[in-house]
Each structure stands twice: as structure tokens, then as C-alpha cells.
Amino acid sequence: MAELFHRKLERTAIGFVVAIIAAASVGGIVEIAPLFTIHTTVEEAPDMRVYTPLELAGRNIYIREGCYACHSQMIRTLRDEVERYGPYSLAVESKYDRPMLWGSKRTGPDLARVGGKYSDFWHVAHLNNPRDVVPESNMPAYRFLARTALDTGDLQRHLRAQQALGVPYTDAMIANAASDAFGQAAPDSPFAAGVTERYGEKTQVSAFDGVVTQLTEMDALVAYLQVLGRLTDAAYSNTAAPEQAPDPTN
Amino acid sequence: MDIDHDTLVGFAKSWGLFYFIAFSVCVMIYAFWPSNRKKFDDAKRNILDRDDRPWQ
Amino acid sequence: MVQQLTSGERQNALIILLCVFVAGLAMAAAGGSDPLGMHGVIVMLFGASLGALVMRSYYDRQPDPDRLSHYYDDPIKAGVALTLAWAIFGMFMGVWTAAQLAWPDLSFDAGWSTFGRLRPTHTTGVIFGFGGNALIATSFHVVQRTSRARLAGQVSPWFVLLGFNLFCILAVTGYFMGVTQSKEYAEAEWYADLWLVVVWVTYFVLFLRTIARRKEPHIYVANWYYMAFIVVVAILHIVNNLALPISFGQAKSYTIWAGVQDSMVQWWYGHNAVAFFLTAGFLAMLYYYLPVRAQRPIFSYRLSILSFWGITFFYMWAGSHHLHYTALPHWVQNLGMTFSVMLLVPSWASAGNALLTLNGAWHRVRDDATLRFIFVAAVFYGLSTFEGSFMAIRPVNALSHYTDWTVGHVHAGALGWVAFITFGSIYTLVPSLWKRERMYSPALVEVHFWLAVAGTLIYVFSMWNSGILQGLMWRTYTQEGTLAYSFLDSLVAMYPYYIARACGGLLFLLGAIVAAYNIWMTVRAVPASAAERQSDVPDTGLAPGAAATPAE
């Protein structure tokens, strides 16, 4: 009898857990499940390319240093943002982003379209000490990036993991990951040609940190910053007008 | 995938609401069921008891 | 701690610690010079030092067989100590990062100390270290008292508490080394996440088994909130952190979610971490420690049930309000906004329930700083849930998003609600746990209270000002129809507020240090004799029946 009573009690607790799950899971399922079919509705971007190994390495440095804590990469559909930063961000532009880096705070400006806005030299100077270029800046100095050699040994593994998750890296891209990373930062080297061959003519190949002999983390991060917003032109051909920010005075 | 985006969105918008209403009705019934009243009154008073040992 | 375990349980503890040590060894071997290898060494050290602790007392006397007729308080005591240690660490990192925004050279030209790497040490330190340990410790206390049953395990409570702290250590040390998934409030990498799943499942089973042992027929509502916290955090954690490591010897992984899906998953997680970690669990504290401290039953038990299901149901929909005007589909944004506004109803029901419980005992709120902590917590809970619903409205969010207003809102909740209710609960818990008449110094509780209030207000007001100013500057147009301010103009305008914010945070940190000292001295004080000390609650001079007036 006592045993039966005990089991009844236990059942109520488990029934209660089931009720919590029933209440709590529905919201997430309803909102997230339809996003699995979002590819049927979002914009097409046939010209979209994947990140080069160097840009991917730069993106991982961006993540490692927590840049997303102060910089967003998501231009909202508001007029002032479009005028300040450029065409608003489309879903398709981050379809290869794992994780997405839309951010939640702008202690510094949005970076979704920073690519091509400044020279490589400016970025290097700015990262070395932001206050040399922008005296009022409160961004930390990242001098150590230029001193640290980029680890290219595991780039193949990075690309392979991305491929396994559905990012369209070809086997040739994976096989040449390390040499492509080197080539993208050494325009005059024999490895440079392979980069544009595999990733398209528009891929920027340059000595990002000004030194071609050594591939540094600075090269990678600047390469990444310079490609932001330039993987596809879809946002520029999008014609929907931005929204006017609500005006509190009327 | 056969189910397209609009179907899923439609389903989410309609059945999500029904689910919500049914759920809140169940909770209301539980909270206001007359015979539960004593249980709830006991529960809120019993935690103020001053013994500090598990009941055997 | 070890003395309370039988020799069989000591053996089990050693076997578990040996497994932890071996896992650390494997990580160190596989990881090599990767940060994963460093973490392996940390895991080994963790297992070895706890193993040494168990070994030292391994042949000590067996525990009193009578122990099972007492509540199991040792893990709670350790949990309180860890809560305070993490509070000081996490808040110190907060003050440091806040100061870096005003004086960027405070990173001293090193990689590990830049803002981007320190920020997650602050958020993880306070949310998981401080908040998480407080939740585990108080849940062990509340579930035993309200169920009239001892915890359903001798080693497992220690496993949950210390295992959770190992997760926190791995997370925080990882950030210094640059190991992060960059998912906000879930930055720890795949191996730490896997470990947390093991710990959390143990926690869930332990909690459920303790409830199943209960002698009270009804499960008290505080346990509902703890249960929801445990169950839902498990779901959120697993879904958000699904990832593919690039190899088993490296810390780096890629999440299985991409782009817009990832944004929704991250904020579905992020917002519900607020809901079920920072709200549900702390409401559980409110529903137990408030009535106990005030010696009055909760105003309306029915209302607490209704608001429980309201919160459990509504919160899950609200995450998308973090993504207004973004590339997330419009209908998801609207759904999130609608539910965020509806969320105000159960939230205010909880806050109102707490305040109405105090109605009639205002003199005690005036005289007792501990009860005042709980009172202020309920007020800030009401305020910040209102603010949250308000900020979820699309046009408001257009102004507030990406600005310091969000930071101010988070801290109104985190300082004003979470930290206040935690300190109120700890000040209630500590004397009863260590069988003392009262805290070592009620005056220091008072000092802590005013430091905390001043710190919170300075912090929140400076962030409200800076956030709204920043948002307005970004969207101000000149008469010619061009943007009036550059981004840099808005940054320059922030500096005074960033300095004020760092000062507010510093005051709050000082308060936490005062609390730690006071609690340390309370623990060290000579215990009152067991005969004098019968009750689990502070003596109010009134019989419990006389003080408790029915509210309905």
C-alpha cells in the first residue's frame, strides 16, 4: 500500500514535468520550425560565394576576440540605418554564417557593410591602436594580432566541418585551404592565382598587413573585415524601400 | 520538402492560438476547482511551520 | 563534507572523481597545445584536488546513522560560499569591463584582457556563477523544507554543485584564452556544454526524486518554478548548443544552425535564459523566502499558480523581439512582440502577489534590511518586466535596440531583481543554515542594502540616459535631410555615462564584498546551543498563527 502511494506521488511529479514541457515547447516550435523552410521564401543570391580560408580564419578571430559584443552586423530596415551604413541586411547574406554575428549592441558602429569602405592600411593602423586613427575611440588595441602568426595547419578541418554542415566548399577548396590562405595575402606568389580561380575574380588578394613574407592573424582579420557585405550584391539590387523611423513628434 | 513555408506559418498562427486557449482553460479549471482550495491553503501555510527535520 | 558520507559513498565519490581525472587526461592528451589541452589540465587538477580531499577523510569515522532523519545541508553551505565567491569575481569583471569602455587602455595591451574577451567572463560569472550557484543552493534548501524530505542522494548533490562549478570554470578560463562560440550567454564550447548536460540531467533526477519522496501531499509552488527552471534550461541548452567540433582534439566547433535560423535559435535561447534562469528560478526564491522572512503566507496561492503557467507559456514566444527590423520574417517579429506585451500580465501578477503579501507588514520592511532586499527585488521585478514589454514594441525597439538602454534594462533586472532577491534569500538562509540567532552584523546588512540600492540606481539611470541619447542621436536629421551626427559624435557623448556606470557597478561590488564578510563572520561566530535554537526562521516575537492573516 505504501509502495503504491509512493508511486502515485512520483507520477504526479512526472506528469507535472510533462505539463511544463507542453507549455514551454510550443512557442519555440511554432516560431522556429517554419524557419527550416525559409529557403523557399528568401531572396535568391546566385552570385553568393563562400568565405575563403583566410576570411574564415579572420572570422574566427573576430569571434575569438568577442568583436560581436560591440559591433553589430545587421543593418535594420530603418531609413537612418540605411543612410548611415548602406542597404539593409538580407537573410540570404548570412546563410553561410555559423554562428550568425548579427550582434545586439553598438558600442562601435555596425560592420555589416564595412568591406571596402576603408583601406587595408587604415584597418591595420586602426587595429594596432584605434586612437592613432580615431582619437575619441574606446576600442581596445589589438597589436598582438600583427605579431601572431596565423595557424593554417587546421584550416582543412575547418572547411571540412563547414562542408559537413552544408556549406558548399568543394573538395578542391578543402585540399588547397592552407595554400589559398597564404596566397590571398601574397599577391605576387604562385599561390595567389588559385584563390581567384576557386573563389571568383572579385576575391580581394592583397598583402593585407603590408608584409607578404609572414601570414599573421592581422592579415586574416583584415581580409574578413574587407569582405563584409561583399559576398553577394543581392542587397544592392533589392528595391524595397526602408521604413521611416517612427517620429515621436507627430 | 513538401510542406512549404506558408503552410507552416498558417498552421502556427491558427493552432498555436487554439492550443493557447485550451491550455489556459485547463489552468483556470485547476486553479479554481473548489476541492483544490483546501490543498492550496494548506500549502501556503505549511511552509511557515517551524520544525526543521524531514517527516519520517 | 566527507564526514557525512558512508565508506561506500566515499568510494563512489572517488570513482566519479577518478573518471573526471581520466577524462581530463584524455582531453589533455588529445588537445596538446590547443586550449582544449589546457582545459584538460584544469579538469585533471579539479578531479585530483577533490580526490585528495576525499582521501584525506577516507578512513574517518562513519557518519551518524541518524543523519537520514535530518535535512542534508552541507552542499547548501558550500553552495552559499561559491555563490559569494562568484558574485565578487563576476561583479569585479563587470566593473573592470565597464571601466574599459571609459578608459580603453585598461586592457594593458594584452590579448586576454581586452573588452571582447572579458565581457563573457562577467556575464557568465554573474549569471551562471553567482545566479546558478544561488539557484542550486536555494533549490536544495527549499525542496527539502517544503517537501519535508531529505535530498534523494548523498553524493549526487555534491556532483551537481561541484560539476556545475567545473562548467563555470571551464567556461570562464576558456574566454580568457579566446575559446568561445560567440553565442551570447552560451559562449562555452562543445565539451563544456556536454559536461553541463550530464550535470543537469543529474540535477533533474535528484530534484524529481526528492519531490517524489515528499511527505506533503501538494508540491509547493516554489518547487514548480525550480522544476520549470531545470527542465526548460535543459531543453534550451541542448538545442542552442548543437554543434560540430572541427576535431575531438580542438576546442573550436561550428554550430549546426546558420544565419537567420541561428539568430532565432540564439534569441529563443537568450530570452528564455532570462525567463527560466533569471526569472523562474528566482521567483521560486521569492515564493519561499518572502513568506518565511515576513512570517506571512503568500497573498494568493491561486494567483501564483496562474502566473506560473502564464510565464511558462508566454516567455517561449517572446525571443524574437530581440530581432525587430532585422532579416527575420516579419510575422515572427510580430508574434514575439505580441507575446512580450502579454507577458506583462503574469509578471505583474507575481510582483503584485509579492507586494500584497507584505501589505500589513510594512513596519517590518522598514526595520528589517533583509526583508527590504526582497521588497526592492519585487519592485524592480515589476519595473523591469514592464520595461521589457515596452521595449519589445517595435517602434520603441527601433530606438532602444543596439543602445545602452538594453544594457540598462538588463541590469535593472539583474541587479535590482536577481541580485536583490538572492541577497535577501541568502540573509534569510544563512542564520538558519548555520543555526545562528541572526546575522553577525545587521548594521552591515543595512550598509549592503544602501550600497546596492545606490549602485543599482546610478547604473540604471546612467544607462537609460546614454541609451536614449544614443538612439536619438543616430536618427536625428538636419533640416537639409541629412544625418545630424556621426557615429563618433554619439560615442563621445557616452563617456560621462560610462564613467557613472562604472561607479554604480563599483558600489554594487562593494556591497557584495560587505555581504561576504558579514556571512563569513556569521559562520565563524560561536553557534547558539541547539536547545535555544528550535526554529528555522527568525523570531518575530509573534506566534506564527497570530502573524499570519488570511489574505483572501
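Residues numbered from 1 in each chain as written. Chains lettered and ligands numbered in written order. Predicted model: local features only at pLDDT ≥ 70, side-chain atom pairs only at ≥ 80, totals over all residues. Heavy atoms only, no water.

Chain B is annotated in an unreviewed UniProt entry as Cytochrome c oxidase cbb3-type subunit 4 from Microvirga lupini.

For chain A, the name recorded in an unreviewed UniProt entry is Cytochrome c oxidase cbb3-type subunit 2, with Microvirga lupini as its organism.

Draft legend 1. Structural view of the overall build of chain B. Helices and strands together make up the secondary structure of chain B, namely two helices and zero strands. Within chain B, the fraction of its 56 residues that count as buried is 29%. Of the accessible surface of chain B, which amounts to about 3,900 Å², a share of 68% is contributed by carbon and sulfur atoms. (Helix = DSSP H or I, 4+ residues; strand = E, 2+ residues; numbered from the N terminus. Buried < 20%, exposed > 50% of the residue type's maximum accessible area, 1.4 Å probe, protein only. Areas by Shrake-Rupley, 256 points an atom, 1.4 Å probe, with all protein chains shown as cover.)

Draft legend 2. Seen up close, the interface of chain B and chain C. The interface of chain B with chain C comprises 30 residues on the first partner and 48 residues on the second. When the two sides are added together, the surface that chain B and chain C hide from each other amounts to roughly 3,600 Å², 65% of it contributed by carbon and sulfur. Applying the counting criterion to the chain B and chain C interface returns one salt bridge. D49(B) serves as the salt-bridge partner of R148(C), at 3.2 Å between the closest nitrogen and oxygen. Counting the contacts that link chain B with chain C gives nine residue pairs in polar contact (both at pLDDT 80 or more). Residue assignment for the side of chain B that touches chain C shows that the elements contributing at least two residues are α1 (5-32) and α2 (36-46) of chain B. Top contributing element to the side of chain B that touches chain C by residue count: α1(B), with 12 residues. Classifying every residue of the side of chain B that touches chain C by side-chain character gives 15 nonpolar, four polar and 11 charged. (Contact = heavy atoms within 4.5 Å. Buried area = accessible area lost by both parts, 1.4 Å probe. Salt bridge = Lys/Arg side-chain N within 4 Å of Asp/Glu carboxyl O. Polar contact = N/O pair within 3.5 Å; in protein donor to acceptor, adjacent residues only side chain to side chain. Nonpolar A, V, L, I, M, F, W, Y, C, P; charged D, E, K, R; others polar.)

Draft legend 3. Quick look at the pattern of salt bridges. Counted by the stated rule, this structure contains 26 salt bridges over all chains. A salt bridge links R64(A) to E217(A); its shortest N-O distance comes to 2.7 Å. Of this pair, R64(A) sits in helix α2 (residues 53-64) while E217(A) sits in helix α11 (residues 217-227), and the two are 153 residues apart along the sequence. When its relative accessible area of 19% is taken as the criterion, R64(A) is described as buried. Given the relative accessible area of 8%, E217(A) is considered buried. The structure contains a network of salt bridges with shared partners spanning R64(A), E65(A), E217(A) and R117(C).

Draft legend 4. The state of the cysteines, seen in detail. Residues and elements named next belong to chain A. Taken as a whole and assessed by the stated rule, the structure comprises zero disulfides over all chains. Here C67 stays free of any disulfide, with the sulfur of C70 as its closest cysteine sulfur at 8.7 Å. Residue classification places C67 among the buried residues on the basis of a relative accessible area of 16%. (Disulfide = S-S within 2.5 Å.)

Draft legend 5. Here's a closer look at the UniProt feature "transmembrane region" (unreviewed entry) in chain B. As recorded in UniProt, the feature "transmembrane region" (unreviewed entry) lies at residues 15-33 of chain B. Annotation note: span residues 15-33 of chain B, helix share 95%, strand share 0%, distance between end C-alpha atoms 27 Å. (UniProt positions renumbered as here; feature names shortened; annotations may be inferred.)

Draft legend 6. Structural context of the interface of chain C and chain A. With 96 residues of chain C in contact, the opposing surface of chain A contributes 83 residues. Interface area, chain C with chain A, both sides summed: about 7,600 Å², of which 66% is carbon and sulfur. A per-residue breakdown of the area chain C buries against chain A is headed by Y254(C), Y325(C) and Y402(C), which together make up 11% of the total. For the interface between chain C and chain A, the tally reads four salt bridges. The shortest N-O distance in the salt bridge between D109(C) and R143(A) comes to 2.9 Å. Inspection of the chain C/chain A interface yields 28 residue pairs in polar contact (both at pLDDT 80 or more).

Draft legend 7. Looking closely at the packing of helix α4 (residues 120-128) of chain A against α11(A). All names here are of chain A. Their axes nearest at 10 Å, the elements α4 and α11 cross at an angle of 120 degrees. Taken as axis vectors, α4 and α11 run oblique relative to one another. When you trace α4 past α11, the crossing you get is right-handed. Residue-level inspection shows D120, H123, V124, L127 and N128 of α4 in contact with α11, the latter providing M218, L221, V222, L225 and Q226. (Axes fitted to C-alpha atoms, helices over the stretch in contact; angles between N-to-C directions. Parallel < 35°, antiparallel > 145°, perpendicular 65-115°, else oblique. Left-handed = near helix turned anticlockwise from the far one by under 90°.)

Draft legend 8. Molecular detail of the UniProt feature "domain: Cytochrome c" (unreviewed entry) in chain A. Mapped onto the present numbering, the UniProt feature "domain: Cytochrome c" (unreviewed entry) falls at residues 53-229 of chain A. Taken end to end, residues 53-229 of chain A is 44% helix and 0% strand, and its two terminal C-alpha atoms sit 17 Å from one another.

Draft legend 9. Just helix α11 (residues 344-358) of chain C, in detail. Counted at 1.5 Å a residue, the expected span for α11(C) with its 15 residues is 21 Å, and the 21 Å between its end C-alpha atoms agrees. Immediately beyond the C-terminal end of α11(C), within one or two residues, lies G360(C), with a positive phi of roughly 105 degrees. (Expected span 1.5 Å × (residues − 1).)

Draft legend 10. Region of interest: the packing of aromatic side chains. Overall, the coordinates contain 61 aromatic pairs over all chains when judged by the stated rule. Ring geometry for Y19(B) versus F313(C): centroids 6.1 Å apart, planes at 20 degrees, classification stacked. One end of the pair, Y19(B), is in helix α1; the other, F313(C), is in helix α9 (residues 301-315), on a second chain. Judged by its relative accessible area of 32%, Y19(B) falls in the partly exposed class. Consider the rings of F40(B) and Y301(C), whose centres lie 5.3 Å apart with planes at 35 degrees: the pair is tilted. Separated into two different chains, F40(B) in helix α2 and Y301(C) in helix α9 make up a pair that spans both. The ring of Y72(C) has R150(C) sitting right over it, with the charged end atom 4.4 Å from the ring centre. Sitting over the ring of Y254(C), K252(C) keeps its end group 4.9 Å from the ring centre. (Phe/Tyr/Trp six-rings, centres within 6.5 Å; stacked < 30°, edge-to-face > 60°. Lys NZ or Arg CZ within 6 Å of the ring centre and 35° of its normal.)

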